[in-house]
Amino acid sequence: MSDPSALSALTVLSTASGPGGLPAPALSGAVAGLGVAMPMGAMSVLLLQEAMRHRRTAVAAAAGIAVVDLGYAASATALGPWVATSVGPVEAWVRLAAGIVLLTIAARGLRATRRARAAPPAAAPPCPAAPAPAGGRPTATFARYVGLTAVNPTTALYFAALTTAQGASLRTGGAVAAFLAGVGLASLVWQQLLVVVGSLAAARISPEVRLWTFRLGYGLVAAYALKIVFPLP
């Protein structure tokens, strides 16, 4: 998900200057990173749920999301208009694939919450099983969230538009490096903040309430999936 208001903010920031010409691109990158990370989309909901289950794997998941944001920003900086023209013609198919993946995750998650509800109290798990690889290894979780985030074409188009709007301000290697550093750091900080919020919430709510938060969360993921496949005008 991304925030169109970041475009106007970057236009203002790109006129600012700082020592060595680096602070303005870095600040622009931070705004861009927050613009794509802060809107609560399907990945934010899944990350919060991951944090409520296991904080260790959620930290890896947050890093995976931030890595994709940084990768798309780097690609757009280098290939800007080409990214937009290449993704555009197949965007509908990519959206369909992303929607199917998210709907599958939502269905599996909701089915797991029903099993957790039906289980005897003594055998019921503290939270529904996640649709995750066996063992819950951080490396596997990192790879899974990289894949889930990468199938969203909106992120690529967002950064292509932003870097095109930046124009001459990203012509030097130092400015590009500062911009990308701002994007990656801002996205990572925000995702890790969601991990903290999810972990704190899990420690303070009852198993029954946590079960309902998972049901609501997976319902939102399903709604986001439908929104991706059938975007509103």
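Look up a bit, the structure's there.
Given the structure is predicted, the values throughout are model-derived calculations rather than measurements.

**Here's the deal with a nonpolar patch on the surface**
Then, in step 1: Taken together, the side chains of Leu193, Val196, Val197 and Leu200 present a nonpolar region at the surface, about 310 Å² in accessible area.
Then, in step 2: Here Val196 lies in helix α7 (residues 173-204).
Then, in step 3: Assessed through its relative accessible area of 33%, Val196 is described here as partly exposed.

**With respect to the nonpolar core**
Then, in step 1: Ranked by internal contacts, the top residues of the largest apolar core, which has 29 residues, are Met43, Leu46, Leu47, Leu102, Tyr145, Val195 and Val221.
Then, in step 2: When contributions to this core are tallied by element, the ones reaching two or more residues are α3 (42-53), α4 (55-118), α5 (138-150), α7 and α8 (207-229).
Then, in step 3: Among the elements that line this core, the one with the most residues is α4, at eight residues.
Then, in step 4: Each residue touching Leu46, except ones within four places of it in the same chain, is listed here: Leu102, Ile105, Tyr145, Leu148, Tyr218 and Val221.
Then, in step 5: Among the nonpolar cores identified, the runner-up in size contains twelve residues, and Ala73, Tyr158, Phe179 and Val183 belong to it.

**Overview of α8**
Then, in step 1: Look at α8: 33 Å from first C-alpha to last across 23 residues, which is about the 33 Å you get at 1.5 Å a residue.
Then, in step 2: Those residues of α8 lying buried are Arg210, Leu211, Phe214, Arg215, Gly217, Tyr218, Val221, Ala222, Tyr224, Ala225 and Ile228.

Analysis parameters
- Residues numbered from 1 in each chain as written.
- Predicted model: local features only at pLDDT ≥ 70, side-chain atom pairs only at ≥ 80, totals over all residues.
- Heavy atoms only, no water.
- Patch = residues over 30% accessible without salt bridge, like charges linked within 9 Å, V, L, I, M, F, W, Y side chains within 5 Å.
- Areas by Shrake-Rupley, 256 points an atom, 1.4 Å probe, with all protein chains shown as cover.
- Salt bridge = Lys/Arg side-chain N within 4 Å of Asp/Glu carboxyl O.
- Helix = DSSP H or I, 4+ residues; strand = E, 2+ residues; numbered from the N terminus.
- Buried < 20%, exposed > 50% of the residue type's maximum accessible area, 1.4 Å probe, protein only.
- Core = buried A, V, L, I, M, F, W, Y, C linked by side-chain atoms within 4.5 Å.
- Contact = heavy atoms within 4.5 Å.
- Expected span 1.5 Å × (residues − 1).

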